[in-house]
Amino acid sequence: MAAIQKTSESTYIFLNISDNTLDDIDRSSHLDNQLNLNSQPPRYGLGTLEKLPLEIIHLGLIQLDIQSLTDFQRVNKRARLITTSIPQYKPILIHAPALLRGILNIQTARYFTCQDLYNTLSTAECDTCGDFGGYLYLITCRRVCFLCFTEQTDYLPLLRQDIIRKFGLDSKHIASLPRMKSFPGCYSPRGIKCRRRRQTLFDPSAARRAGIAVHGTIEAMETYATEMILKKLPVYQSRPSLCGRPDGSGMHVLRPPRVEDPFDAQCCNPRRFMGVMRAPLLRGMMVAPEWGFHCLACKPHHYGRPLHWRRMYMVDSFRDHVGECGEIVEGKHVPRMKLGE
Ligand SMILES: [Zn+2]
Ligand SMILES: [Zn+2]
């Protein structure tokens, strides 16, 4: 019986791929120097808050959403010192400041707390499939792997008109739904250019849940959505296709109501990359963050699991992968039977 091959540099690789997620777009640096506070003691305190032990202040601060925590540290230098010493916040600032920047820039910082972010960064598994998730979906702070965020509907942010059409919602229902503001740039491995500035994109899972809550069941929601489309169609068909003032000014083509979802090009759909950033696994302040690695033997495999070049691993999950797909001999998985077991 062949011994299980140890994880070594001959079996895994770090692919240097530019996926054009938000990482590659957002390079502003206003948070980077938060830890570079000069040694001068702060001139002002925090008033009555100072009467509480530091641990209690920290406990309160980690329950604040990221936006409120960021606002708090802008109060003065003492507030900044206290915030940057929060045991859960400091490792994020040190090891993943880009994530905080991204969250603030796409305006999703109101939807989760510092504790939520820390918990997600301390968990290795993709929220959907359990593989190592090398990315964070920033609208609702979910850890996700490449294959899930490029394939699953949960990670395709939707336009306002799409959630209204699909889930039978109106303005009142969508007011509190998690959403992001897009950044213009080139997204997806194909680098597709998106020029539109600050487009609002909604979290599809929250929108779907809201639709089910409003209509009672999935079936009732879908029936309502279909009926609404059928109602709009005759209105569209009865109108001239060109609209405008009688003098011919302001002419525009009247578009038919959308009946189906727009084409989802999955790993080439730029919208799937606008609210996603690479995310390390944090194991505390003093331990180096882990970014995961790819399987060398899976590099030529581009279709489906378990052999897929974009799956990522930690040491333990890689051992499981080798157990499932066979040891790696000369850069290829060799099933156990062929090894004469
Ligand atoms: Zn996954
Ligand atoms: Zn493999």
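Residues numbered from 1 in each chain as written. Chains lettered and ligands numbered in written order. Predicted model: local features only at pLDDT ≥ 70, side-chain atom pairs only at ≥ 80, totals over all residues. Heavy atoms only, no water.

Going by the annotation in an unreviewed UniProt entry, the name recorded for the protein is F-box domain-containing protein, with Aspergillus sclerotiicarbonarius given as the source organism.

S.K.: Please explain the coordination of the zinc ion (ligand 1) as it appears in this structure.
M.R.: Tetrahedral metal sites with four donors have an ideal angle of 109.5 degrees; octahedral sites with six donors have ideal angles of 90 or 180 degrees. Around the zinc ion (ligand 1), the protein contributes the donor atoms Cys-126 (SG), Cys-129 (SG), Cys-145 (SG) and Cys-148 (SG), at 2.3 to 2.4 Å from the metal centre. Every donor counted, the 4 donor atoms about the zinc ion (ligand 1) form angles of 103 to 119° at the centre, which fits tetrahedral coordination. Each donor residue of the zinc ion (ligand 1) lies on the same chain, and together they follow the pattern C-x2-C-x15-C-x2-C. The residues Cys-145 and Cys-148 share a single accessibility class, namely buried. (Donors = N, O, S within 2.8 Å, 3.2 Å for Na, K, Ca; no water. Tetrahedral: all angles 85-135°; square planar, octahedral: opposite > 155°, others 65-115°. Buried < 20%, exposed > 50% of the residue type's maximum accessible area, 1.4 Å probe, protein only.)

S.K.: Help me understand the sheet that holds strand β3 (residues 142–144), please; the structure alone is not making it clear to me.
M.R.: Backbone-to-backbone hydrogen bonds join strands into a sheet, with any given pair of strands oriented parallel or antiparallel. The strand order β3-β2-β10 describes an open sheet built from 3 strands, whose pairing is antiparallel. A strand with exactly one partner marks an edge of an open sheet, and here the two such strands are β3 and β10 (276–278). Ignoring strand direction, the axes of neighbouring strands in this sheet form an average angle of 35°. The sheet contact formed by strand β2 (residues 135–137) and β10 spans 3 bridges and is antiparallel. By the bridge assignment for β10, Tyr-137 is matched with Val-276. (Pairing = 2+ DSSP bridges. Helix = DSSP H or I, 4+ residues; strand = E, 2+ residues; numbered from the N terminus. Axes fitted to C-alpha atoms, helices over the stretch in contact; angles between N-to-C directions.)

S.K.: What exactly am I supposed to notice about the pattern of salt bridges here?
M.R.: When the charged atoms of two side chains with opposite charge come close together, those side chains can pair. Scanning the entire structure with this criterion turns up 16 salt bridges. Between Asp-19 and Arg-310 there is a salt bridge; the shortest N-O distance is 2.8 Å. Within this pair, whereas Asp-19 is found in the loop between β1 (12–13) and α1 (54–61), its partner Arg-310 is found in the loop between β11 (294–295) and α12 (315–325), the two being separated by 291 residues in sequence. A relative accessible area of 5% places Asp-19 in the buried class. The class of Arg-310 is buried, set by a relative accessible area of 6%. A salt bridge links Asp-261 to Lys-166; the shortest N-O distance between them is 2.8 Å. Within this pair, whereas Asp-261 is found in the loop between β9 (252–253) and β10, its partner Lys-166 is found in helix α8 (residues 160–167), the two being separated by 95 residues in sequence. Overall, Asp-261 belongs to the partly exposed group, its relative accessible area being 42%. (Salt bridge = Lys/Arg side-chain N within 4 Å of Asp/Glu carboxyl O.)

S.K.: What should I look at first to understand the coordination of the zinc ion (ligand 2) in this one?
M.R.: Binding of the zinc ion (ligand 2) to the protein goes through Cys-295 (SG), Cys-298 (SG), His-321 (NE2) and His-333 (NE2), at separations of 2.0 to 2.2 Å. In this structure, the zinc ion (ligand 2) is surrounded by 4 donor atoms whose angles at the metal cover 100 to 119°, and the resulting shape is tetrahedral. Spacing between the donor residues of the zinc ion (ligand 2) along the chain follows C-x2-C-x22-H-x11-H. Note that Cys-295 is positioned in strand β11 and His-333 in strand β13 (residues 332–334), a separation of 38 residues in sequence. Accessibility assignment for this pair places Cys-295 and His-333 in one class, buried.

S.K.: Honestly, the packing of aromatic side chains in this entry has me stumped. Any pointers?
M.R.: Counting across every chain of the model gives 11 aromatic pairs. For the pair Phe-14 and Phe-293, a centre-to-centre distance of 6.2 Å together with 75° between the ring planes defines the contact as edge-to-face. Linking Phe-14 in the loop between β1 and α1 with Phe-293 in the loop between β10 and β11, this pair joins segments that are 279 residues apart in sequence. Pairing Phe-149 with Phe-273 gives two aromatic rings, centres 5.2 Å apart and planes at 80°, and the pair type is edge-to-face. Here Phe-149, found in helix α7 (residues 146–151), pairs with Phe-273, found in the loop between β9 and β10; they are 124 residues apart in sequence, far enough to count as distant. We note that Phe-149, like Phe-273, is buried. Taking NZ or CZ as reference, Arg-310 lies 3.7 Å from the ring centre of Phe-146, over its face. The ring centre of Trp-309 lies 5.2 Å from the NZ or CZ of Arg-310, which sits over that ring. (Phe/Tyr/Trp six-rings, centres within 6.5 Å; stacked < 30°, edge-to-face > 60°. Lys NZ or Arg CZ within 6 Å of the ring centre and 35° of its normal.)

S.K.: How do you make sense of a nonpolar patch on the surface when you look at a structure like this?
M.R.: A cluster of nonpolar side chains, contributed by Leu-49, Leu-52, Ile-56 and Leu-59, occupies part of the molecular surface with about 330 Å² of accessible area. By the element assignment, Leu-49 lies in the loop between β1 and α1. (Patch = residues over 30% accessible without salt bridge, like charges linked within 9 Å, V, L, I, M, F, W, Y side chains within 5 Å. Areas by Shrake-Rupley, 256 points an atom, 1.4 Å probe, with all protein chains shown as cover.)

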